[in-house]
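# Residue-level structure breakdown
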Amino acid sequence: MQVSVQDLAASYGGPVVLSDVTFDVEEGERIGVLGPNGGGKSTLFRVLLGELRPLRGSFQRPSRLGFVPQTERSRLDYPVSALDVALMGTLSRLAWWRPVGRRERRAALAALERVGLTALADEQFGELSGGQRQRVLVARALVQDAPVLLLDEPFSGVDRTSADLLERLLDDLAAEGRGLLLATHDLEQARRFDRVLCLNRRQIAFGPPEETLTRAVLEETYGGEIVALPGAAAAVLPPHHHEHD
Ligand SMILES: Nc1ncnc2c1ncn2[C@@H]1O[C@H](COP(=O)(O)OP(=O)(O)OP(=O)(O)O)[C@@H](O)[C@H]1O
Ligand SMILES: [Mg+2]
């Protein structure tokens, strides 16, 4: 088991924003984390990253985690290139006295290649499109070479072609035995994952998508945001969401 969470609850000092969270991540497993805006997806990641101390419960995780933050939280205003951002993924492994060397540059360039951005390595990060920045952040997480990756809505603002590329990449990473926790608003995508974790301020359900994503669970997870689509079981309208279609 790569990650294990028992009866976790979290708050930011005020009301409890997430509770009853119990799940695990096996090697090579892709887990979709579903829930409405404010459902607690990013909060769960923050707890797992050690940025927020849980109110209750406990969890086990590997010492190294790769992390792709939700887009609007990444700062855009400092003058760094795409390659610089990818290189940041090597920093935690470098001894303090060692400058970034050829090996790290190679790893960062290889990661940029895996996300299809070799040509943009020297562009300013802040001048890239939203989707390209997402891919750079995925490259940075790749460079971290961690056994488990947390990806907070990595597909948001990413065009179809890049999304397909990213999804294939994630499949490859899972095939390498890495566990992936991926927050998403895309139910169709979540159906392709191994298991789904449904959050709406507390854990609603956890299990394989075909058993778990029932109408009842979806209604409890998304409340009034559920709509029926002809041909599809259900789709979700995230009404307040940024750049989502
Ligand atoms: N830094 C913070 N301080 C106080 N409350 C916060 C903070 N960050 C998040 N919250 C609250 O915690 C709850 C869960 O938020 P969280 O960001 O985890 O949701 P989310 O599922 O990631 O939503 P989204 O889909 O919009 O990204 C919300 O009610 C939010 O207002
Ligand atoms: Mg979030």
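Now for a look at the structure at hand. (Residues numbered from 1 in each chain as written. Chains lettered and ligands numbered in written order. Predicted model: local features only at pLDDT ≥ 70, side-chain atom pairs only at ≥ 80, totals over all residues. Heavy atoms only, no water.)

## Some remarks on the pairing of strand S8 (residues 195-199)
Successive residues of a regular strand alternate their side chains across the two faces of the sheet. Rules: Burial here depends on accessible area, computed with a 1.4 Å probe over protein chains only, as a share of the maximum for the residue type. Under 20% is buried, over 50% is exposed, and the range in between is partly exposed. Secondary structure counts use DSSP, requiring at least four H or I residues in a row for a helix and at least two E residues in a row for a strand, with both numbered from the N terminus. Any two strands are treated as partners once DSSP identifies two or more bridges connecting them.
The buried fraction of S8 is high, at 5 of 5 residues. Side chains Arg195, Leu197 and Leu199 project from S8 onto one buried face, and the interleaved Val196 and Cys198 project onto a second face that is buried too. The pairing of strand S3 (residues 30-34) with S8 spans 4 bridges and is classified as parallel. In the sheet register, Val33 faces S8, and the bridge partner there is Leu197. In this sheet, strand S9 (residues 203-207) lies alongside S8 in antiparallel orientation, the contact comprising 4 bridges. Residue Val196 lies in a different strand from S9, and its bridge partner there is Gly207. Turn length for the S8-S9 hairpin, with the two strands adjacent in sequence and antiparallel, is 3 residues, and the turn residue Arg201 shows positive phi of about 70°.

## Observations regarding the coordination of the magnesium ion (ligand 2)
Heads up, the condition is: For Na, K and Ca the donor cut-off is 3.2 Å, and for all other metals it is 2.8 Å, counting N, O and S atoms only; because water is absent from this set, sites may look incomplete.
The protein atoms donating to the magnesium ion (ligand 2) are Ser42 (OG) and Gln70 (OE1), with metal-donor distances spanning 2.0 to 2.2 Å. Residue Ser42 is located in helix H1 (residues 41-49), and its partner Gln70 is located in the loop between strand S5 (65-68) and helix H2 (82-91); the two are separated by 28 residues in the primary sequence. For the pair shown, Ser42 and Gln70 are each scored as buried.

## Things to note about the packing of helix H3 (residues 102-114) against helix H4 (residues 130-143)
Threshold: Only the contacting stretch of a helix is used when fitting its axis, a line to C-alpha atoms as for every element, and angles between N-to-C directions run 0 to 180 degrees. Any angle that falls under 35 degrees is termed roughly parallel, while one over 145 is termed roughly antiparallel, one within 65 to 115 roughly perpendicular, and all others oblique. Crossing handedness is defined as follows: a turn of the near helix away from the far one that is anticlockwise and smaller than a right angle gives a left-handed crossing, while the clockwise case is right-handed. Between two residues, a contact is recorded if the distance between any of their heavy atoms is within 4.5 Å.
Relative orientation of the contacting elements H3 and H4 amounts to 130°, with a least axis distance of 8 Å. Accordingly, the angle class assigned to the pair H3 and H4 is oblique. Seen from above, H3 lies across H4 with right-handed handedness. Of H4, the residues touching H3 (which contributes Ala107, Ala108, Ala111, Leu112 and Arg114) are Val136, Ala139, Leu142 and Val143.

## Here we look at unusual backbone geometry
Even without being a glycine, Asp7 presents a positive backbone phi close to 45°. As for its position among the elements, Asp7 is in strand S1 (residues 3-11). Residue classification places Asp7 among the partly exposed residues on the basis of a relative accessible area of 38%. In this model, Glu153 sits at a positive phi of 50°, which is unusual for a non-glycine residue. Among the structural elements, Glu153 can be located in the loop between strand S6 (148-152) and helix H5 (160-175).

## Remarks on the packing of H4 against H5
We count it as follows: Each residue receives one of three labels: charged for Asp, Glu, Lys and Arg, nonpolar for Ala, Val, Leu, Ile, Met, Phe, Trp, Tyr, Cys and Pro, and polar for the others, Gly being one of them.
At a minimum axis separation of 12 Å, H4 and H5 run at an interaxial angle of 15°. On the basis of the axis angle, H4 is roughly parallel to H5. Judged by the twist between their axes, the crossing of H4 over H5 is left-handed. Between H4 and H5, the residues in contact are Arg135, Val138 and Leu142 and Ser162, Leu166, Leu169 and Leu173, respectively. Split into classes, the residues belonging to the contact of H4 with H5 amount to 5 nonpolar, 1 polar and 1 charged.

## Section: the site of ligand 1
Stated formally: Near, as used in this document, describes a residue that has one of its heavy atoms within 4 Å of the molecule or strand being considered. The definition of a polar contact used here is a pair of N or O atoms within 3.5 Å, where within protein one atom must be able to donate a hydrogen and the other to accept one, and adjacent residues in sequence count solely through side-chain atom pairs. The Shrake-Rupley method, run with a 1.4 Å probe sphere, supplies the accessible areas, and residue values consider only the shown protein chains as cover.
The full set close to ligand 1 counts 16 residues, and Gly38, Lys41, Thr43, Gln70 and Arg201 are the nearest of them. Within the backbone of Gly38, one N or O atom sits 2.8 Å away from an oxygen atom of ligand 1. His185 has a polar side-chain atom sitting 3.1 Å from an oxygen atom of ligand 1. Contact with the protein chains removes 67% of the 640 Å² of surface that ligand 1 exposes when unbound. It is H1 that contributes the most residues to the shell around ligand 1, 4 residues altogether. Taken together, the residues of the shell around ligand 1 break down into 3 nonpolar, 9 polar and 4 charged.

Nothing here speaks to function; it is geometry throughout.
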